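For reference, the chains in residue letters:
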Amino acid sequence: MRTDKSGKSRAQTALLLLAMASVAALPQAAFAQTTLRIGMTAADIPRTLGQPDQGFEGNRFTGLTMYDALTMWDLSSADKPSVMIPGLATEWKVDDADKKKWIFKLRPGVIFHDGAPFNADAVVWNVEKVLKQDAPQFDPSQVGVTASRMPTLASARKIDDLTVELTTKEPDSFLPINLTNLFMASPSKWQKLFDAAEGADPKAKSQAAWAAFAKDASGTGPWKMASFTPRERLELAKNENYWDKTRIPKVDKMLLLPMPEANARTAALLSGQVDWIEAPAPDAVKEITQRGFAIRTNEEPHVWPWQFSRIEGSPWNDIRVRKAANLCIDREGLKDGLLAGLMVPATGTFEPGHPWRGKPTFEIKYDKPAAQKLMQEAGFGPTKKLSVKIQTSASGSGQMLPLPMNEYLQQALAECYFDVQLDVIEWNTLFTNWRRGAKDPTANGANATNVTYAAMDPFFAMVRFLQSSMAPPVSNNWGFINNPKFDELVTKARQTFDPAARDAALAELHAASVDDAAFLYVAHDVAPRALSPKIKGFVQPKSWFVDFSPITMAP
């Protein structure tokens with residue numbers, strides 16, 4: 001293949017020029033110098049009504065910007081792991097006499113974007129929007145991305161204006177972490193929209209009110225909705241009245257644009273259409289940096305896996321097959337080749353040095369002869385390959401480069417007697433299917449799914465996948481894992497309120513999951529993003545989320 005002087009193939013150059021032409025149609029409005037323009041990997045604007053879709057990219061862009069939760073993440077450091085800190089709650093404590101009850105003290109003086117006060121009534125209202133089916137504001141469309149992330153929360157009760165009691169179905173030490181996902185929308189704003197809505201019955205009026213709320217949202221976050229064009233753009237403006245004065249945004253506006261294709265995002269950056277892109281095309285990294293743009297990365301608690309089906313008849317029910325797949329992948333080759341260094345090889349959900357790593361006995365590494373031997377022991381070989389089907393996406397939140405990466409795995413696993421079929425669907429559809437499980441028709445016969453997952457807390461990292469009671473529709477145990485040892489260790493960790501003892505139980509759970517080859521562990525994301533040299537003050541934390549507030553834009 002011929003190359004130009006930069007070493008880039010003519011085909012690659014043509015592809016980049018074509019992608020640049022495709023973004024030329026982006027609106028060319030005269031942006032103020034204090035407008036930050038971002039190209040997201042999402043194919044659509046994440047939902048804006050208070051509980052985003054599009055995975056955690058939705059939380060990053062339309063959750064943590066316009067809304068706050070009772071608890072939140074410290075995103076101020078690039079060197080230390082992000083930890084949970086107070087948000088709209090200033091303190092909390094489990095009841096010593098009844099470990100199913102928690103008291104949360106709320107932050108005084110907080111107001112929603114529409115001017116209404118934040119208080120205990122607002123907390124109860126927001127809990128009931130996803131848990132209480134007979135509440136006027138109950139919205140089934142928000143349940144999947146919320147209730148599945150806090151499955152033990154049962155109810156909320158106001159004690160006084162600044163105190164609320166939350167009750168769980170069972171003792172659950174993870175609850176404060178789970179609550180980082182429950183964003184507080186303005187009940188007052190919603191009620192006005194409900195009162196003005198048309199509909200044949202209260203449910204229809206409620207749906208109309210939420211649809212109207214999504215177009216004119218009101219949270220308590222550092223950013224307010226300025227304008228919204230569904231599927232095209234979302235413009236946010238800084239909230240001058242934000243309760244944390246140190247986090248009032250330093251730029252006037254932020255413009256969010258969906259750009260699911262990596263080359264199109266890269267072309268938009270290089271042509272000056274945007275100032276920031278998520279997940280640039282790896283083969284364009286050299287050109288991006290040569291043109292004066294910055295590539296920012298940081299290892300984050302985020303895993304790129306295959307999640308196996310464990311239902312009856314699944315080929316992954318044989319542990320020899322699961323281990324063989326893990327031993328057949330050259331992760332260093334994937335890193336240095338296709339991904340241009342933009343990943344960390346995964347040997348589990350957590351790597352050595354993490355308090356939840358434990359001491360697994362199964363060593364995940366590249367050992368093709370060992371993988372082939374295991375497959376032969378399981379009855380497969382060069383003339384008898386094992387057919388497996390993986391459902392994945394072509395883009396999406398945290399998916400890195402899902403199609404090329406899965407094609408790499410497809411070729412690698414072929415050398416270990418696997419015949420891999422790819423079922424490629426749209427990202428948000430894949431994410432929805434993830435909550436429906438391997439038994440659902442939407443799995444389309446797939447016996448593995450490729451949905452990346454955040455590993456910031458015990459529930460997100462392990463419990464929702466490994467505990468049998470987290471099978472769909474409750475949460476994300478897509479493959480219906482049913483391992484009594486996992487269930488025992490989850491209960492032990494969840495009911496342990498001493499941090500050190502809980503960490504020990506979680507380490508034991510993680511080691512057990514690696515020894516069981518519960519996933520095909522491939523990569524940890526490093527959250528690559530490319531930034532204009534105009535952007536100053538950005539901290540890339542060791543987190544799936546970021547804080548846009550400190551960012552400034554140089555002239």
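As a convention, each chain's residues are numbered from 1 in the sequence order in which they are written. With the structure being a predicted model, the display of local features is reserved for residues of pLDDT at least 70 and the display and counting of side-chain atom pairs for 80 or more, all residues being used for whole-chain, interface and lining totals. Note that the side-chain values use all heavy atoms of the structure and ignore hydrogens as well as water.

So, the layout of surface pockets
Over the atoms rolls a probe the size of a water molecule, and in doing so it shows where empty space is left.
Moving on, step 1. Throughout, the protein atoms alone are placed on a 1 Å grid, and a set of points is a cavity if a 1.4 Å probe fits but cannot get out or a pocket if it is open with protein on both sides within 12 Å along at least five of seven lines; lining residues have an atom within 4 Å of a point. Grid points are joined across faces, edges and corners, and a volume is the space filled by probe spheres set on the points. There is about 840 Å³ of room inside the largest pocket.
Moving on, step 2. A helix here means a DSSP run of H or I that spans at least four residues, while a strand means a run of E at least two residues long, and both kinds are numbered starting from the N terminus. Top contributing element to the lining of the largest pocket by residue count: helix α17 (residues 499–515), with 3 residues.
Moving on, step 3. The classification used treats Ala, Val, Leu, Ile, Met, Phe, Trp, Tyr, Cys and Pro as nonpolar, Asp, Glu, Lys and Arg as charged, and all other residues, Gly among them, as polar. A breakdown of the residues in the lining of the largest pocket according to their chemical character gives 18 nonpolar, 7 polar and 8 charged.

Details of empty space enclosed by the protein
Moving on, step 1. Under the definition given, this model contains 4 cavities of 30 Å³ or more.
Moving on, step 2. As a volume, the largest cavity reaches approximately 200 Å³.
Moving on, step 3. Around the largest cavity, the lining comprises 20 residues; the ones closest to its centre are Ala279, Met400, Asp525, Ala527 and Pro528.
Moving on, step 4. Partitioning the lining of the largest cavity into residue classes produces 10 nonpolar, 5 polar and 5 charged.

Some remarks on the sheet that holds strand β6 (residues 153–160)
Moving on, step 1. Two strands qualify as a pair provided DSSP detects at least 2 bridges between them. Strand order in the open sheet made by the 4 strands is β4-β5-β7-β6, with antiparallel pairing throughout. Both edges of this open sheet fall to β4 (89–94) and β6, since each of them pairs with a single strand only. Pairs of neighbouring strands in the sheet enclose a mean axial angle of 20°, with direction left out of account.
Moving on, step 2. One ladder, built from 5 bridges, connects β4 with strand β5 (residues 101–106); its direction is antiparallel. Residue Trp92 lies in a different strand from β5, and its bridge partner there is Phe104. Note on method: axes are straight lines fitted to C-alpha atoms, helices fitted across the in-contact stretch only, with angles between N-to-C directions ranging 0 to 180 degrees.

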